[in-house]
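So you can see what is in the structure, the chains are spelled out below.
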Amino acid sequence: MTSNYQQFLSLIAERYGRSFDSYEALHAFSINEQELFWQAVVDYFKIDFSVPAEQIFVEGAKLWQTPYFLGAKLSYAAHLIRYASAHHLPLIFKHEQGEAQEVSWPALLKRALLYQKKLQKLGVKKGDRVAALCTNSPETIAAFLATNSLGAIWSSCAVEFGYSALFDRFSSIEPTVLFAHGHYHYAAKRFDLTKTRKQLEETLKSIKGTIVLEPFENIEDKADDLQSLLASFSMVEVEFDHPIYILFSSGTTGKPKAIVHKTGAMLLEHCKALGIHQGVSERDRYFWFSTTGWMMWNYSLSCLALGATLCLYDGASNYPDDLALLRYAEVNAINHFGHGAAFYGYLAENNRSFSELNLSAIRTIGSTGSVLLPHAFHFIRTQLPEAEIHSISGGTDVCTAFVGGLSGRSTKAGEIACKMLGAAVDIFDKNGTSLVDEPGELVLTKPFIALPLGFWGDTQNKRFVQSYFSTFDNVWKHGDWAKQTSDNRIVIFGRSDATLNRDGVRIGTSEIYAALARFETVEDALIIHLFDSNTDSLFLFIVSKKDIDSQQLKRYLQQECSPRHKPDHIIQVDAIPYTLNGKKIEIPVKRILEGEAVENVISLASVKNPESLYAFEALRPQLRTLINATT
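Residue numbers run consecutively from 1 along every chain, following the written order of its sequence. Thresholds applied to this predicted model are a pLDDT of at least 70 for local features of residues and 80 or more for the giving and counting of side-chain atom pairs; totals over whole chains, interfaces and linings are not thresholded and use all residues. To obtain the side-chain values, all non-hydrogen atoms of the structure were included, while hydrogens and water were left out.

Draft legend 1. Focus on the overall build of the protein chain. A run of H or I in DSSP counts as a helix once it spans at least four residues, and a run of E counts as a strand once it spans at least two, with each numbered from the N terminus. Within the protein chain one finds 21 helices and 32 strands. Counting only C-alpha atoms and orienting by the principal axes, one finds that the protein chain spans roughly 75 × 60 × 55 Å. Note on classification: 1.4 Å probe, protein chains only; a residue is buried when its accessible area is under 20% of the maximum for its type, exposed when over 50%, partly exposed between these limits. When each of the 631 residues of the protein chain is scored for burial, the buried share is 59%. In the protein chain, once contacts between residues fewer than 6 apart in sequence are set aside, the share between residues at least 24 apart is 70%. Accessibility throughout is a Shrake-Rupley quantity obtained with a 1.4 Å probe, and a residue counts as covered only by protein chains that appear here. Surface accessibility of the protein chain: about 24800 Å² in total, with carbon and sulfur atoms responsible for 46%. Neither His nor the chain ends is counted toward charge; the positive residues are Lys and Arg and the negative residues Asp and Glu. Each charge is placed at NZ for Lys, CZ for Arg, CG for Asp and CD for Glu. Looking at charge distribution, the protein chain has the averaged site of its 61 positive side-chain charges lying 3 Å from that of its 70 negative ones. In what follows, a contact means two residues having at least one pair of non-hydrogen atoms within 4.5 Å.

Dropping the structure here:
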């Protein structure tokens, strides 16, 4: 069977007379001849513009001032429902405590039409913001379809967020309507959202009304006449750069940013990433474990535009046990399975074999959120030898990946297969010189279609420019410490502002975590470098059920990595802090250890285990004693 990637190459050859002898040649074409490349993407995925573009690509003086498909109009929602059929499922849904539920196109459209009419009654129009405090469920997909169909701007947060974190985010965008669930379940516990919802209704003065979402089983969901439903569903065509949604950064590096993404850019970019790179096709079943507060929810939603079935899961990924999601994949013959790297790391470290499950339908295993460490890679490869491992890295900032996988391209442990098409990825040293086989800053050197419009309310783009363009002139600095290899693979070491600097050499934290994963008694770890004019101490915090021989562990890290990787001090702790999306929290912990208050460095609502941060705050006197004893 010919892959989507091969079919895409054939289309370019037939329509534009261009052929490429390697992926690298195609990638160079995609960044140097963007007008032709993105037109080819439009052609291959049959993107329907109600108004065609006057110009496809107009390079601006600045990367972020480069418009794509100038003058074009389209509807994202129309592309999500274009494969609607009475014989094809848009959604499969499983709640942690229930059986998988198939949702038909008539049922989904009937619910979306209901919400659309409610939004219209509340006066929602193009450009209005609609906030959502919702679970990862079919009714939330229907609410998004209703919002987008009217040209309104969607913005959702995970239901785990507390009132203060929600208010900080939603108040900045002044939503007209709030979608909300009445409650949610996590690990068999029920959490009521009524109080939080009422607090938001009272304090968000812009809200004209709230729509409380009901589960699908509470309404009639028999197959209605599909064509009449489609005809009744209003579609507002919007400009290519019209905002589609506002995503909020996690807040681990400062106050959460309200990042505004573009309608047409998200449609084209996601079709390219999912279709060409990952090989998602019509009638495939696509799953990525996420909440509505993570960009992977928005990213996964676009699989509907490829005719795939979106598989949803709501609840804890380890309930009732660690293999719950993989059994969901087995029963529903999921073809593309994705989760955070920490999930695979946990399975590997605990040797949670799933070889007895029939997962032969899985063609790709996706990983993101943090670095997929080599031991986790090898574990997946052993368990699912026929599946391709697609490790991707990007961010909420672009709602996509800069580097990732490619169907048919081999991958190695610790490496990411390629730079994504259309993304001019490079690795710079501090002087802006490109590096090969040496670590440096991951940057973008040319315009990229998925760059956001900016931050909501940042009218002069001051915070936006400061966030990404203050280090290198007209070059996007993403904040990842990475390396490109001589054979054009990418290695991500972690966040660049969390790297360690010993004797002038910067070390990615993932190198140490990878080594510690092979040290049998270490269950989890966090490495923090505290340094100023009087201090230069490397602290390793570890979680272990046994007492650790610090000297033995230091010798191990020196042998496995280098003398620079050897920590000065090793301290056992009860837990390592993580975000709700499974990212290890490094920078805020460093700031806490340097003396800042927990509440000033991170939004606690974005933290899975906030009590662990206070435990680090309590360690400050002990650390100061250790530092003083060695200076």
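Draft legend 2. Seen up close, the environment of alanine 152. Mapped onto the secondary structure, alanine 152 falls in the loop between helix 6 (138-149) and strand 7 (153-157). Leaving out residues up to four positions away in the same chain, alanine 152 has contacts with Val124, Lys125, Lys126, Gly127, Asp128, Val130, Thr147 and Ile244.

Draft legend 3. View of helix 20 (residues 611-618). Residues of helix 20 that are buried include every one of Ser612, Leu613 and Phe616, and no others. Across the axial projection of helix 20, the buried residues extend over an arc of 105 degrees, all falling on one side. Along helix 20, the residues that are exposed and aim more than 90 degrees away from the buried face are Glu611 and Ala618. Close packing links the buried residues of helix 20 with strand 30 (524-531), strand 31 (536-543), helix 18 (587-593), helix 19 (598-601) and helix 21 (620-629). This arc corresponds to the set of directions leading from the helix axis out to the C-beta atoms.

Draft legend 4. Representation of the state of the cysteines. Criterion for a disulfide: a pair of cysteine sulfur atoms at a distance within 2.5 Å. The tally for this structure, following the rule as stated, stands at zero disulfides. Distance from the sulfur of cysteine 311, which forms no disulfide, to the nearest cysteine sulfur (cysteine 303) is 7.9 Å. Looking at the unpaired cysteine 399, the closest cysteine sulfur is the one in cysteine 271, lying at 13 Å. In this structure cysteine 399 comes out as buried when scored by relative accessible area, which is 0%.

Draft legend 5. Broad picture of the nonpolar core. Put simply, a nonpolar core is a bunch of buried Ala, Val, Leu, Ile, Met, Phe, Trp, Tyr and Cys residues held in one set by side-chain atoms that sit within 4.5 Å of each other. Judged by nonpolar contacts, the single largest core of 119 residues is most densely connected at Phe69, Phe179 and Leu268. Residues in contact with phenylalanine 179, not counting those within four places in the same chain, are Tyr115, Leu119, Val130, Ala131, Ala132, Leu133, Cys134, Ala143, Thr147, Trp154, Ile211 and Leu213. Core analysis: the second largest hydrophobic core is formed by 43 residues, Leu526, Ile548, Leu557 and Leu593 among them.

Draft legend 6. Structural context of the pattern of salt bridges. Just to be clear on terms, a salt bridge is a Lys or Arg side-chain nitrogen sitting within 4 Å of an Asp or Glu carboxyl oxygen. Under the defined criterion, the tally for this structure stands at 16 salt bridges. One salt bridge in this structure joins glutamate 201 and arginine 197, with 3.2 Å as the shortest N-O distance. Here glutamate 201 and its partner arginine 197 are both found in helix 8 (residues 194-203), four residues apart, which amounts to about one turn of the helix. According to the relative accessible area criterion, glutamate 201 is partly exposed, its value standing at 30%. Notably, a salt bridge pairs lysine 477 with glutamate 441, separated by 3.7 Å at the nearest N-O pair. Of this pair, lysine 477 sits in strand 26 (residues 476-484) while glutamate 441 sits in strand 24 (residues 440-444), and the two are 36 residues apart along the sequence.

Draft legend 7. The packing of aromatic side chains, seen in detail. Centre distance within 6.5 Å is the pairing criterion for rings of Phe, Tyr and Trp, where only the six-membered ring of Trp is used; planes under 30 degrees apart are then read as stacked, over 60 as edge-to-face, and the remainder as tilted. According to the stated counting rule, one finds 41 aromatic pairs in the structure shown. Aromatic pair tryptophan 154 and phenylalanine 179: ring centres 6.2 Å apart, planes at 35 degrees, arrangement tilted. Separated by 25 residues along the polypeptide, tryptophan 154 in strand 7 and phenylalanine 179 in strand 8 (residues 177-181) bring together distant segments of the chain. Between phenylalanine 289 and tyrosine 313 the ring centres are 6.2 Å apart and the planes differ by 50 degrees, which places this aromatic pair in the tilted class. Highlighted residues: phenylalanine 289 in the loop between strand 15 (285-288) and helix 11 (295-301) and tyrosine 313 in strand 16 (residues 309-314), separated in sequence by 24 residues. For the residue pair phenylalanine 289 and tyrosine 313, the accessibility class agrees, reading buried in each case. Every member of this aromatic cluster is reached through a ring pair, and the members are Trp64, Phe402, Phe448, Phe455, Phe464, Tyr468, Phe469 and Trp476.

Without other data, these values stay purely geometric and don't point to any function.
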